[in-house]
Amino acid sequence: MADGVDSIRDYRVSDTITDTPQPEGQYYHMDADPDNLVPATDILTLDDIGQSPDVGDAADMLECEPAAKVDDEDDTQELSPGGVLDEETVARGLSNLGRSANGMNQVYLNASVPGFSLVDISVLGEYVHLQKVEIPYNAITDLTPLGKLPHLLSLDASHNNISKMLDFTPPLNLQSVDLSYNQLSDMGDLSPHHALKKLVLDNNLISEIKGLEKCRRLHVLSLAHNNIETIQGLDKLPLRDLNLCHNKIKKIENLDTLHQLQVLNLAGNRIRSLQGLEGHDLLESIDLEDNEVIDASEISEIEKLRMLRELNLLRNPIQEMPDCRLAILFRIPSLTELDRHKVKVEEKIAAKNMFDPSLEVIAARDHIMHVVYNFLQPSRVWDSTLPNVETPYPMLVLVGPQGSGKRDLAIKLVDEFSDYFGYGVSHTSRTPKADEVNGKNYFFVTSEKFEMDIKMGQFVQTYRNNNSWYGLQMEAIEGVAREGLACVVHMELEGVLTLKNTYFEPRYVLVMPLDQEAHEQRLRDRGWYLEDQIERTLKKDDVYCKYNQDHPGFFDMMINSDDIADAYRHLRRLVMDYLGVSPSTPDTSSQPYQTDITEGDNYQAMTGAASTNALGGRTWSKPSIPDSMLQARGPMGSATGRGIVEEESYKRRHSAAKEVVAGYVPPIYEQILTQFPRTAPQTVEEQQGLGLESTSDNRATSAPNNNATTCFPPNPDIPIIPGSPDSTSSNTSSGSNLSDLDSATELQRPGSPKAHPGAPVASTQPASNDILPTEKVNPLSLIAERGYNSSSKSRLPEARPLSGGRQLLGSGHGNRPGSERHKVLPPIAAQ
Ligand SMILES: Nc1ncnc2c1ncn2[C@@H]1O[C@H](COP(=O)(O)OP(=O)(O)OP(=O)(O)O)[C@@H](O)[C@H]1O
């Protein structure tokens, strides 16, 4: 017998290492210095057997020693002949030297003898200090010898022929047992093994879960590949990881009391419903691969599991559902792994955009759809884009939730200021209400017609509400534009977001019922709406308020519409302020819109200038900012119609983009100059003609916002470009609106310093690379290319004759192009 083996056995027998020298052969001989051994912790208290760094490290140094010695011996010797485990075989498998349970001895704690076709393991009973025994891949049928190992913590007896469950005297503290791949058909009574933390019984013949009632420390239970049909016998166990995959389970049940469950594997069963998983708040991983989950609604059972990170539904009929992956990700956004694939951020965004797109995404899609359909139509020059694409067509949009009163306000406003405004009638597929007139309130069309019109590229924006379509057609705007009027429309936030993507740059007035009860009452009083419609509308109040808060400057103005008469009074005053209309304009409003115009109203300063109800050089179009707003902004206030915050942000982005593209940032002075209004340029004479000199300072700060010389000292380095809409030349005249086409095409000639009317005027010799690539593309050139150049004016739509007795307003200003009649809306850029 080799020395090493002798030593092991002797050590086993003596059980002791003492400080005093012992006769040779009686104790284990160690080459390593015992002093170097790190004292082991109390191994009985270890949670994870054999993983104590202290014990393990020391053992690593030494555990090879006996095996090496044995290897030097006769390798041909048969180990454990006849399947009877012998000491030599055990000697080869011993490892992990550590302290014995009583802390007095150095002992091997682990024995591993796999694959020896062992039948009899009686000899193991003599190794009383063993804490971990690994005897897989043998032919063991009887485990009773292990009853003699009182300190056994971990047993791996998988791949044997065991048919009786742990039928041995329980060790003190057996915590982990692996009996997978055996012949177990009955779980028996595991009460004696109440210390069990982990029990693996995979690939047996078990058909019933039982005997675990007393295992109050069981965290991990694996019963994969058995014959289990019903989940039971697990009540109140502290299970964290339960594996019941590949059984015959049809229903998830009796898991309610497993409050600590984190990982659940039910793959390879016959489960159809996820009912029974709800309420397991700690569940992190659910594997349901290869089951029969078919219904997407089942996801609702697990979508509230906040800790859920991994879900596997591969090989379930639910996978046939279109966009199944995105649908699941949308419903359970916390997932990091789905169907064995990591979830990408892009997928989560795609899921959100597909199933609950933000208002902005809805609007962007709506816009794209209309642009594409429009593009497919024969191109036209719209009256509302003239005199050039840089000139925003004047529009007023009243925005607000359903029943906020915006529609009534719009109609009332158009009635009263019919020389300025026309009502842009939207289309809808909803059925008309009793008092509604087709063509006045809406154009009422069928859904089919509406959708056909979409495909015909007729809409600027659309919006779907309560299964009905709403939309504003280009023709509705055009009809008003041809009259030379500013278009007033009302719509919901979604419509505004689409409109913000278009080239229209309307004024947006938020009409908001701030008192929700009053709003609710108004909706109920109408008697049109269903209960859930009212609920949804009231919820949308919050969306509006939040949007207004989160996007300062998004709306130009907000009007509280709790009291509709009061709201109209505000709106009226605002409009008059914009238009520069005299308060002497008779207040034609009657009940319920009693306007109350007092002497103290701030537009009174205009009285002298606009007593004839003329525009006084101010328009509804973007550059005209009410005095109150302009004052708040100061002399550097926005002239582009954006809110001040939007404007600042826009400027920053603009200059940053310029810097990146051209490596050049125009001085702030120039940037400001280029922000001057591109519409309704107003000459100094015109302002003087309005008697601005005699008005209060209030007017002086607001009126000249399109006159650089008033706001800023003239820069001798900056050339005044005649004909540019940004030009502030006082030599303006109300020339042909169409002549702008000439100047626009002129402006983009190669090498011309006037490359684009909107391009910043950088210096006396502008460098061509100061111009953003996008700025080099003048859409007017595209128009010109299509034949709408200066020589083909005849292609432009002819103005219709003036319809019925509308008053011509203002003097000395150009008409709104396309109308040639009303001198109402923005005067044309001077040539
Ligand atoms: N083109 C459009 N784009 C977006 N929203 C629109 C459009 N036309 C109408 N809407 C809005 O759709 C909502 C539903 O309109 P509808 O006329 O059916 O309801 P209502 O109860 O009469 O609403 P309201 O009294 O607010 O006008 C209203 O808020 C309306 O302003």
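The model shown is predicted, which means the values in this text are computed figures rather than measured ones.

The rules behind the values
- Residues numbered from 1 in each chain as written.
- Predicted model: local features only at pLDDT ≥ 70, side-chain atom pairs only at ≥ 80, totals over all residues.
- Heavy atoms only, no water.
- Helix = DSSP H or I, 4+ residues; strand = E, 2+ residues; numbered from the N terminus.
- Buried < 20%, exposed > 50% of the residue type's maximum accessible area, 1.4 Å probe, protein only.
- Near = heavy atom within 4 Å.
- Polar contact = N/O pair within 3.5 Å; in protein donor to acceptor, adjacent residues only side chain to side chain.
- Areas by Shrake-Rupley, 256 points an atom, 1.4 Å probe, with all protein chains shown as cover.
- Pairing = 2+ DSSP bridges.
- Core = buried A, V, L, I, M, F, W, Y, C linked by side-chain atoms within 4.5 Å.
- Contact = heavy atoms within 4.5 Å.
- Patch = residues over 30% accessible without salt bridge, like charges linked within 9 Å, V, L, I, M, F, W, Y side chains within 5 Å.
- Salt bridge = Lys/Arg side-chain N within 4 Å of Asp/Glu carboxyl O.
- Lys, Arg positive; Asp, Glu negative; His and termini not counted.
- Charge placed at Lys NZ, Arg CZ, Asp CG, Glu CD.
- Arc of directions from axis to C-beta.

Asks: Please clarify how the overall build of the protein should be interpreted in this entry.
Replies: Helix and strand counts for the protein stand at 23 helices and 22 strands. The buried share among the 831 residues of the protein stands at 52%.

Asks: I'm lost on the site of the ligand in this one. Help?
Replies: The local shell around the ligand holds 22 residues, among which Arg407, Arg430, Tyr442, Tyr470 and Tyr529 are the closest. In this structure, an oxygen atom belonging to the ligand sits 3.0 Å away from a side-chain N or O atom of glutamine 402. Contacts to the ligand include glutamate 492, whose side-chain N or O atom sits 2.7 Å from an oxygen atom. Coverage of the ligand by the protein chains reaches 99% of its 590 Å² of free accessible surface. Those elements that place two or more of their residues in the shell around the ligand are α8 (406-416), β18 (459-465), β19 (468-473) and β20 (486-491).

Asks: Would you explain the sheet that holds strand β16 (residues 427-428) in this entry?
Replies: By definition, the strands of a sheet pair up through backbone hydrogen bonds, in either a parallel or an antiparallel sense. Read from one edge to the other, the open sheet built from 4 strands follows the order β17-β16-β19-β18, with strand pairing classed as mixed. Taken across any chain shown, the strands that pair with only one partner, and hence form the sheet edges, are β17 (443-444) and β18.

Asks: Help me out: how do you make sense of the nonpolar core in this one?
Replies: One recurring pattern in soluble globular proteins: nonpolar side chains tend to sit buried together. Membership of the largest hydrophobic core comes to 79 residues, with the highest contact counts inside it found for Leu143, Leu155, Leu212 and Leu234. Among the secondary structure elements, those contributing two or more residues to this core are β1 (94-99), β2 (106-112) and α5 (324-331). It is α5 that contributes the most residues to this core, 4 residues altogether. When residues no more than four places from it in sequence are discounted, the contact partners of leucine 155 are Val133, Ile135, Leu143, Leu146, Leu166, Phe168, Leu174, Ser176, Val177 and Asp178. Grouped together as the second largest cluster of nonpolar side chains are 30 residues, Met395, Val480, Cys487 and Tyr544 included.

Asks: Honestly, a negative patch on the surface in this entry has me stumped. Any pointers?
Replies: On the surface, a cluster of negative charge is made up of Asp189, Glu213, Asp235, Asp256 and Glu278. By secondary structure assignment, the location of glutamate 213 is in the loop between β6 (198-200) and β7 (220-222). Its relative accessible area of 45% is what places glutamate 213 among the partly exposed residues.

Asks: Would you mind showing me how to read the side chain of glutamate 436 here?
Replies: Examined against the element boundaries, glutamate 436 turns out to sit in the loop between β16 and β17. For glutamate 436, a relative accessible area of 10% corresponds to the buried category. A polar contact of 3.0 Å, which involves the side chain of glutamate 436, links it to the side chain of arginine 407. Apart from the residues lying within four places of it in its own chain, the contact partners of glutamate 436 are Arg407, Arg430, Thr431, Asn441, Tyr442 and Phe444.

Asks: Sorry if this is basic, but what is going on with helix α12 (residues 516-526) here?
Replies: Given 3.6 residues per helical turn, the α-helix brings residues three or four places apart onto the same face. Those residues of α12 that fall on the buried side of the exposure criterion are His519, Arg522 and Leu523. Down the axis of α12, the buried side of the element spans an arc of 95°, and every buried residue falls inside it. Exposed residues lying more than 90 degrees from the buried face of α12 are Glu517 and Asp525. If you follow the buried residues of α12, they end up packed against α13 (531-550) and α14 (564-579). N-cap assignment for α12: the residue whose side-chain oxygen lies 3.0 Å from the backbone N of glutamate 517 is aspartate 515. Of the residues flanking the end of α12, it is glycine 527, one or two places downstream, whose phi is positive at about 70°.

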